[in-house]
Amino acid sequence: VPAQALIMLNNEFVRQQSQVWAERLLKESHGNNEQLIAAAWLQLFSRPASADDLQPLLEFAGDEALNKETLTEICHVLLNSKEYLFLH
């Protein structure tokens with residue numbers, strides 16, 4: 001229901017967990033933006049990301065190396081994806 005989606009999107013705990021996850025990714029994964037996002041994808045969905053999966057996230061990340069804030073936003077988006085919410 002819409003209220004559940006809004007809770008996941010706006011909940012402070014989910015936001016904090018996104019930040020913790022992003023920090024761990026940055027600490028454990030020493031690669032470029034694509035490798036970091038692909039690692040997050042694999043951890044969350046237990047499957048490799050396709051080029052189509054990665055493309056919008058890489059566009060959002062831009063050309064600069066990912067920082068904690070940007071990767072936190074990406075992790076937050078992934079945690080709010082339909083694939084994660086409805087299959088996990």
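Residues numbered from 1 in each chain as written. Predicted model: local features only at pLDDT ≥ 70, side-chain atom pairs only at ≥ 80, totals over all residues. Heavy atoms only, no water.

## Some words on the packing of aromatic side chains
Phase 1 of the analysis: Tallying each qualifying case throughout the model produces 1 aromatic pair.
Phase 2 of the analysis: With a centroid separation of 4.5 Å and an interplanar angle of 55°, the aromatic rings of Trp41 and Phe45 are classed as tilted. Separated by 4 residues within a single helix, Trp41 and Phe45 lie in helix α3 (residues 33-45), roughly one turn from each other. Considered together, Trp41 and Phe45 belong to a single accessibility category, that of buried residues.
Phase 3 of the analysis: Taking NZ or CZ as reference, Arg47 lies 5.9 Å from the ring centre of Phe45, over its face. (Phe/Tyr/Trp six-rings, centres within 6.5 Å; stacked < 30°, edge-to-face > 60°. Helix = DSSP H or I, 4+ residues; strand = E, 2+ residues; numbered from the N terminus. Buried < 20%, exposed > 50% of the residue type's maximum accessible area, 1.4 Å probe, protein only. Lys NZ or Arg CZ within 6 Å of the ring centre and 35° of its normal.)

## Brief notes about the pattern of salt bridges
Phase 1 of the analysis: Per the stated rule, a full pass over the model turns up 4 salt bridges.
Phase 2 of the analysis: Close ionic contact of Arg15 with Glu73 constitutes a salt bridge, the shortest N to O distance being 2.4 Å. Note that Arg15 is positioned in helix α2 (residues 12-28) and Glu73 in helix α5 (residues 68-79), a separation of 58 residues in sequence.
Phase 3 of the analysis: In this structure, Glu28 and Arg24 form a salt bridge, with 3.7 Å as the shortest nitrogen-oxygen distance. Placement of both Glu28 and Arg24 in helix α2 is noted, with a separation of 4 residues, approximately one turn of the helix. (Salt bridge = Lys/Arg side-chain N within 4 Å of Asp/Glu carboxyl O.)

## Details of the side chain of Thr72
Phase 1 of the analysis: Secondary-structure assignment places Thr72 in helix α5.
Phase 2 of the analysis: Residue classification places Thr72 among the buried positions, given a relative accessible area of 6%.
Phase 3 of the analysis: Here Thr72 is in contact with Arg15, Ser18, Gln19 and Ala22, once residues within four sequence places are set aside. (Contact = heavy atoms within 4.5 Å.)

## Comments concerning the nonpolar core
A general feature of soluble globular proteins is that nonpolar side chains tend to end up buried together.
Phase 1 of the analysis: Within the largest apolar cluster, 19 residues are counted, with the highest numbers of intra-cluster contacts made by Trp21, Leu25, Ile37, Leu66, Leu71, Ile74 and Leu78.
Phase 2 of the analysis: Contributing elements (two or more residues each) for this core: α2, α3, α4 (51-61) and α5.
Phase 3 of the analysis: Broken down by element, the residue count for this core peaks at 6 residues, all from α3.
Phase 4 of the analysis: Apart from residues lying up to four places away in sequence, Leu66 is in contact with Leu26, Asn33, Leu36, Ile37, Ala61, Leu71 and Ile74. (Core = buried A, V, L, I, M, F, W, Y, C linked by side-chain atoms within 4.5 Å.)

## Thoughts on α2
Phase 1 of the analysis: Between its terminal C-alpha atoms α2 stretches 24 Å, which fits the 24 Å expected from 17 residues at 1.5 Å a residue.
Phase 2 of the analysis: Within the sequence span of α2, burial applies to Val14, Ser18, Trp21, Ala22 and Leu25. Taken end-on, α2 shows its buried residues confined to a sector of 100°, consistent with a single buried face. Opposite its buried face, α2 presents the exposed residues Glu12, Phe13 and Lys27, each directed more than 90 degrees away.
Phase 3 of the analysis: Between the side-chain oxygen at the start of α2 and the backbone nitrogen of Phe13 there is a gap of 2.7 Å, and the oxygen is on Asn11. (Expected span 1.5 Å × (residues − 1). Arc of directions from axis to C-beta. Polar contact = N/O pair within 3.5 Å; in protein donor to acceptor, adjacent residues only side chain to side chain.)

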